[in-house]
Every structure is written in C-alpha cells, then in structure tokens.
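# Residue-level structural notes
Single-letter residue listing:
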Amino acid sequence: MLAGLSVAVAWSHGASAQLRIVTYNTLDKPVNFFDNSEFQTIFGAISTESVNGIARPVDILTLQEQQIDSSVNTVQQAADQLNVLHNTDAYTAVFIGSGSDRLGMVYNSDTVDLLDSTLVGVGIRPGLRAQFRPVGYTDAGSDFYVYSTHFKAGSSSSDFSQRATEASNLRNNADALGPGANVIYTGDLNLQSSSDLGYTNFFVAGDGKAVDPTGLSFWGV
C-alpha cells in the first residue's frame, strides 16, 4: 500500500532543488518476478505523474515492512528494480540491521548525496533517519533529513496512545536537529483521522514543527 503522511519544514537558505520523495509499505516485497514487474509498473507511473507541473522519477523512496536476511533483501531489490526501470545504476539501498518488519530507503545518487543514516528511538519500532544533500549543492543549509517510520496500527485506546507517544518521540528527535533544519517525515503512520494525537503532535511548537502539504482539514488512511 502506498500510504503515509509526508510533512516537511520549508527549505532554508534559498535552496530550490526539485525532488520526488515517496513512501511505501511494501509488506516484505518485492521478492519474485511478479513483484518486480508490479513494482516497475507502479514506479513507472509515479515517474510520469505531473505534480505542480513537475514529472520526474523517484529521488528518495522510504520503505516500511522490509525483509532483510541471508535469502532476501527487499530494500536492495527495490533499488535494483528502480535501476532496471530507469536504465541506471544510481539507485542505492539504505538499511540498518536485519530481520522482518525493517525500515529502509532507496535514493538516487545522481540527484542526492547521502551524508548520514541512523536508527532513532520512536516506539514499538525504531525509525530510520537519513541526512541528504542535493547533488551540486555545497551549502549545509541545503541539507535535509528524511524519516521513515512505522507507527502502531489499531483502533484501541492504547493504540491511539501509542501513536501519540511515537509522534512525540519522533518530534523530539527532529527538534534536537535545531532551528532551520529541513525535515521530511514519511511512513506508514496508521493514522485514523486528523484528530488523532499521532497526527496533531507533529504540529506542536518546536524546531521540528511540521507542515502538512495536503492542506486538508480532515486526514486519515
């Protein structure tokens, strides 16, 4: 399922790079020929979709529910399929650790440089944070941070409470990056509505305060 909330703090220092950032919970895929074909179809369509007059291939793909072990690495497989689709070898996999239900990212090294990646404490599952800089930019003010996260699912009171805590923990990590940091939050956040504290906690005061680019008064998945 292509889902999740992507919210960003505006660029600082006049940076004007155009990038396409996508989040995807692939449910431990792709792992076979059918998955690979389906993946290429989906991302081929994404690359031709015009948003605000801009159509381009994915620059950064954040992934949830990934399988990484001795027999399969779905993050690397996703990178491989993007390379096949776009006839390049520039797409690179980023992941930490092994096992099931992992987080990962794939980025296009022709358009962004990876400066750092680390796991961050979020809640039941860790988050993955990566620091990027658009290729050709030298000013550190052009750097930006992307989070891939997977919040607790469910509709019980404890599930709502857990998501609220996870959003607060994520915000605390982003706030610590300091004023002026460019931050993009992505992931499978399992939000029920725009009144879910797992959503509203993104917008409390602080250096990492988010802006929802959808501009919707009601939001949910």
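Every residue gets a number counted from 1 within its own chain, in the order that chain's sequence is written. Local features in this predicted model are restricted to residues of pLDDT 70 or higher, and side-chain atom pairs are both shown and tallied only at a pLDDT of 80 or more, whereas totals for entire chains, interfaces and linings draw on every residue. No hydrogens and no water enter the side-chain calculation; it runs on all heavy atoms of the structure.

### A look at the environment of Thr88
For clarity, the cut-off: Helix and strand labels come from DSSP, where a helix needs a run of H or I of at least four residues and a strand needs a run of E of at least two; each type is numbered from the N terminus. Note on contacts: a residue pair qualifies if any of its non-hydrogen atoms lie within 4.5 Å across the two residues.
By the element assignment, Thr88 lies in the loop between α2 (74–86) and β4 (91–95). What Thr88 contacts, discounting residues up to four positions off in sequence, is Leu82, Asn83 and Asp110.

### Notes on the pairing of strand β5 (residues 99–108)
Looking along a regular strand, one sees the side chains alternate between the two faces of the sheet. Applicable threshold: Categorising residues by exposure relies on relative accessible area from a 1.4 Å probe, with only protein chains included: less than 20% of the type maximum marks a residue as buried, more than 50% marks it as exposed, and the intermediate range marks it as partly exposed. We call two strands paired when DSSP finds no fewer than two bridges between them.
With seven of ten residues buried, β5 is to be regarded as a mostly interior element. The pairing of strand β3 (residues 60–68) with β5 spans six bridges and is antiparallel. Following the sheet pairing, Ile60 is matched in β5 by Tyr107. The hairpin formed by β4 and β5 contains three residues between the paired strands, and Gly97 there has a positive phi angle of roughly 90°.

### Observations concerning unusual backbone geometry
Along the chain, Lys29 connects to Pro30 via a cis peptide bond; the corresponding omega equals 10°. One can find Pro30 in the loop between β2 (21–25) and α1 (33–48). Its identity as a non-glycine residue notwithstanding, Asn52 has a phi of 55°, on the positive side. Structurally, the position occupied by Asn52 is in the loop between α1 and β3. With a phi angle near 55°, Asp101 is a residue other than glycine that sits in the positive phi range. Looking at where Asp101 falls in the secondary structure, it is placed in strand β5. Here Asp101 falls in the partly exposed class, since its relative accessible area comes to 31%.

### What about the side chain of Asn182?
Applied cut-off: Distance and chemistry together define a polar contact, namely a pair of N or O atoms within 3.5 Å, with one atom able to donate a hydrogen and the other to accept it when in protein, and with adjacent residues in sequence counting only for side-chain atoms on both sides.
In this fold, Asn182 is placed in strand β9 (residues 182–188). When its relative accessible area of 3% is taken as the criterion, Asn182 is described as buried. Of the polar contacts made by the side chain of Asn182, one reaches the backbone oxygen of Gly141; its length is 3.2 Å.

### Topic: the side chain of Asp35
Applicable threshold: Positive: Lys, Arg. Negative: Asp, Glu. His and the chain ends are not part of the count. Salt bridge, as used here: a side-chain nitrogen of Lys or Arg that lies within 4 Å of a carboxyl oxygen of Asp or Glu.
Inspection of the secondary structure puts Asp35 in helix α1. For the buried residue Asp35, which engages in no salt bridge, the nearest side chain bearing the opposite charge is Lys29, 4.3 Å off. Within the structure, Asp35 has its side chain in polar contact with the backbone nitrogen of Val31 (distance 3.0 Å). In contact with Asp35, other than residues within four places in its own chain, are Lys29 and Pro30.

### Describing the packing of α1 against α2
Filter applied, for reference: Angular values range over 0 to 180 degrees, each being the angle between N-to-C directions of two axes fitted as lines to C-alpha atoms, with helices fitted over their stretch in contact. Note on angle classes: values under 35 degrees are labelled roughly parallel, values over 145 roughly antiparallel, values of 65 to 115 roughly perpendicular, and the remainder oblique. Crossing handedness is read from the near helix: turned anticlockwise from the far helix by less than a right angle, it gives a left-handed crossing, and turned clockwise, a right-handed one. Charged residues are taken to be Asp, Glu, Lys and Arg, nonpolar residues to be Ala, Val, Leu, Ile, Met, Phe, Trp, Tyr, Cys and Pro, and polar residues to be all remaining types, Gly included.
Here α1 crosses α2 at 60°, and the two axes come no closer than 10 Å. Put simply, α1 runs oblique to α2. α2 is crossed by α1, and the crossing has right-handed handedness. Residue-level inspection shows Asn36, Phe39, Gln40, Phe43, Gly44 and Ser47 of α1 in contact with α2, the latter providing Gln77, Ala78, Gln81, Leu82, Val84, Leu85 and His86. Residues belonging to the contact of α1 with α2 are distributed by class as follows: six nonpolar, seven polar and no charged.

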